[in-house]
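Summary of structural features
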Amino acid sequence: MFYQPKSIGEALERKAELKERGTFLAGGTDLVVLMNAGKAAAENFIDLSHIKELTHIAQRNGTIELAGNVTHAQCGKLPVKCLAQASLSVGGPGIRELGTIAGNIATASPAGDGSTALLALDAEVELTSVRGVRTMPLEKFFVSYRKTALAPDEMITKVSLPAIYRSDWLKNGKRGAVNISVVAAAVAITPKKEVRIALASVAPFPVRCHQAEAAFAKGADARQVGEIVRSEIKPITDHRASADYKTHLSGVMVRRLLEGLCGR
């Protein structure tokens, strides 16, 4: 069955009724790929594209709030460098116009560009169901490969991030465009001069490098932080690159980002 609710409340009621037998559908850019690969076969689809309140972007008290259906194309226009650049590196123009930031998060792909940038920005996700609303740091939302803390009856209704972090982004892939990351890195500096480091494609899901962040707080320079990143991560060899290459590249990318943000 295919449902087209007109409000968040109506969509949540339908999801509570269907639970695992129902799947939310917004841009569909990840879901259709999984279906084509035989990895997703929901009995029912709940189309969110007609819910206007899920497309809003708001800024208040130094925080940017992105409703669940905000697209990569919209994020590409935000004044937050690492998220804007990450969003503009997702797929081609058609994918960016359809794909949503909530979908990118919910998929929990190891190579999730938007998820990685949001991790470096201390983003929080708002999860809503007929039972109520809860908020958690994005880092705690990822549980394991393609698994999240999202309950069967919940929807990602909002992503919140600070508007005042300085940040930057680097991505390496096999092609010049429409790329899945070999490695991607996001680095952000908070107003308190703390560093946040996030990487894609080096773990079962996008990750923060807390050891490297702690070393920076104790006075480590960009080169030393890059070395700690290499020792902290444990990527696997896959069809895109070897584990050794990903490890080396991660350290180089983080060092370059830090040098750009903090000076050499």
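Above this text you will find the structure in question.
This is a predicted model, so every value here is computed, not measured.

1. Focus on the overall build of the protein
Scanning the protein from N- to C-terminus turns up 11 helices and 14 strands. Considering only intrachain contacts with a sequence separation of at least 6, the fraction spanning at least 24 residues in the protein is 59%. Total accessible area on the protein stands at roughly 12400 Å², and carbon and sulfur atoms take up 53% of it. Taken as two groups, the 34 positive and 26 negative side-chain charges of the protein have centres that lie 5 Å from each other.

2. A short note on the sheet that holds strand β6 (residues 124–129)
Read from one edge of the open sheet, five strands run β4-β5-β10-β6-β7, paired in antiparallel fashion. What marks the edges here is a single partner per strand, and that holds for β4 (57–60) and β7 (132–137). When the angles between neighbouring strand axes are averaged without regard to direction, this sheet yields 20 degrees. The strands that helix α1 (residues 8–18) touches are β6 and β10 (155–162); relative to β10, the one it contacts most, it runs at about 125 degrees.

3. Describing the sheet that holds strand β2 (residues 22–25)
Reading across from one edge, β1-β3-β2 is the order of the three strands in this open sheet, with parallel pairing throughout. Edge positions in the sheet fall to β1 (2–3) and β2, since each has one partner strand and no second. For β2 and strand β3 (residues 44–47), the ladder comprises four bridges, and the chain directions are parallel. Directly across from Thr23, in β3, lies its bridge partner Phe45.

4. Description of the state of the cysteines
Evaluation of the coordinates by the stated rule reveals zero disulfides. The thiol of Cys75 is unpaired, and the distance to the nearest cysteine sulfur, on Cys82, comes to 11 Å. Using a relative accessible area of 0% as the deciding quantity, one classes Cys75 as buried. No disulfide involves Cys209; its nearest neighbouring cysteine sulfur is the one of Cys82, lying 14 Å away.

5. Focus on the packing of helix α4 (residues 81–88) against helix α7 (residues 113–120)
Packing of α4 against α7 leaves a shortest axis separation of 8 Å and a crossing angle of 175 degrees. Viewed along their axes, α4 and α7 adopt a mutual orientation that is roughly antiparallel. Residues Cys82, Leu83 and Ala86 of α4 touch α7, and the partners they reach there are Asp113, Gly114, Ala117 and Leu118. Class assignment for the residues of the contact of α4 with α7 results in five nonpolar, one polar and one charged.

Cut-offs used in this document
- Residues numbered from 1 in each chain as written.
- Predicted model: local features only at pLDDT ≥ 70, side-chain atom pairs only at ≥ 80, totals over all residues.
- Heavy atoms only, no water.
- Helix = DSSP H or I, 4+ residues; strand = E, 2+ residues; numbered from the N terminus.
- Contact = heavy atoms within 4.5 Å.
- Areas by Shrake-Rupley, 256 points an atom, 1.4 Å probe, with all protein chains shown as cover.
- Lys, Arg positive; Asp, Glu negative; His and termini not counted.
- Charge placed at Lys NZ, Arg CZ, Asp CG, Glu CD.
- Pairing = 2+ DSSP bridges.
- Axes fitted to C-alpha atoms, helices over the stretch in contact; angles between N-to-C directions.
- Disulfide = S-S within 2.5 Å.
- Buried < 20%, exposed > 50% of the residue type's maximum accessible area, 1.4 Å probe, protein only.
- Parallel < 35°, antiparallel > 145°, perpendicular 65-115°, else oblique.
- Nonpolar A, V, L, I, M, F, W, Y, C, P; charged D, E, K, R; others polar.

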